[in-house]
Amino acid sequence: MNSKKTIVMGLLACLVISLSAFMPKAEPAPKAKNLKVLPKNISKEELDKVMDDFKLALGVRCSHCHAPMKDNPRKMDFASDEKPEKEIARDMMRMTAKINKKYFHKALEEGKTITQIACITCHNGKTEPAK
C-alpha cells in the first residue's frame, strides 16, 4: 500500500513538472530606447507617468513629440528623433533640472518642503508658455 502511494505521488510530480514546461514564460517589459535625459533604467510605470505629466502640462497627445512608425502609421515610434519637438522637450527637461538644482537643491537638503518647477509651471496646459 505504501509503495502504491509513493508511485502515484512520483507520477503526479512528473506530470506537474512536465506541464510546467509548457506554461508561457512571463516576458520582461521592453526597455525604452533612445533615452537621452531620462534614466536608462526607468521603469515602464515611471516613464508612463512622465509622459502623462507632459501631456497634461502642455495639453497635447503623444503625437506632438513622437513620430508615427514608418511601417504602421497608426502606432508611435517612440525611439525616433524625427520630430524636433522631442529635442525641445529634452532641452526643457535639462533646463528645469538645472533651475531646480540651482535654486531648490539646498532647501531640499535642509529638509524644507518646497515645490520645484515643472513643465506645468509655465505651460499651464498650452504648448507655448504665456509671455
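Preceding this section is the structure that the text describes.
Description of the structure in this document. Predicted model only: the values in this text are computed from it and were never measured.

Time to look at the side chain of His66. Mapped onto the elements, His66 comes out in the loop between helix H2 (44-58) and strand S1 (67-68). Not counting the four nearest positions on each side in its chain, His66 is found in contact with Met51, Met76, Asp77, Phe78, Lys83 and Lys86.

Considering the arrangement of structural elements, one finds Asn100 in helix H3 (residues 84-109). On the basis of relative accessibility, which here comes to 9%, the residue Asn100 falls in the buried class. Not counting the four nearest positions on each side in its chain, Asn100 is found in contact with His105, Gln116 and Ile117.

This paragraph deals with the state of the cysteines. One pass over the structure, following the stated rule, counts zero disulfides. We note that Cys122 lacks a disulfide partner, and the nearest cysteine sulfur, in Cys119, lies 9.1 Å from it.

Okay, the nonpolar core next. Residues Leu35, Leu38, Ile42, Leu47, Val50, Phe54 and Met93 constitute the largest nonpolar core, which totals seven residues. For this core, the leading source of residues is H2, giving three residues. Once residues lying within four places of it in the same chain are set aside, the contact partners of Ile42 are Leu35 and Leu47.

Backbone geometry at Asn34 places phi at a positive 65°, although glycine is not the residue there. Within the secondary structure layout, Asn34 lies in the loop between helix H1 (2-20) and H2. The class for Asn34 is partly exposed, based on a relative accessible area of 27%. Positive phi, normally seen in glycine, also occurs at Asn124, with a value near 50°. Position of Asn124 relative to the elements: it lies in the segment after helix H4 (119-123).

Attention shifts here to the pattern of salt bridges. Pairing is possible between side chains of opposite charge, provided their charged atoms come close. As enumerated under the stated definition, the model contains 10 salt bridges in all. With a closest N to O distance of 3.2 Å, Asp53 and Lys49 form a salt bridge. Of this pair, Asp53 and Lys49 both sit in helix H2, separated by four residues, roughly a single helical turn. Judged by relative accessible area, which is 37%, Asp53 ranks as partly exposed. If you follow the salt bridges from partner to partner, you end up with Lys36, Asp81, Lys86, Glu87, Arg90, Asp91 and Arg94 in one network.

Turning to the environment of Leu58, a few remarks are in order. By the secondary structure assignment, Leu58 is in helix H2. Along the primary structure Leu58 and Asn124 are separated by 66 residues, whereas in three dimensions their C-alpha atoms are 6.7 Å apart. Apart from residues lying up to four places away in sequence, Leu58 is in contact with Cys119, His123, Gly125, Lys126 and Thr127.

About the cut-offs
Residues numbered from 1 in each chain as written. Predicted model: local features only at pLDDT ≥ 70, side-chain atom pairs only at ≥ 80, totals over all residues. Heavy atoms only, no water. Helix = DSSP H or I, 4+ residues; strand = E, 2+ residues; numbered from the N terminus. Contact = heavy atoms within 4.5 Å. Buried < 20%, exposed > 50% of the residue type's maximum accessible area, 1.4 Å probe, protein only. Disulfide = S-S within 2.5 Å. Core = buried A, V, L, I, M, F, W, Y, C linked by side-chain atoms within 4.5 Å. Salt bridge = Lys/Arg side-chain N within 4 Å of Asp/Glu carboxyl O.

Purely geometric numbers; function is a separate question.
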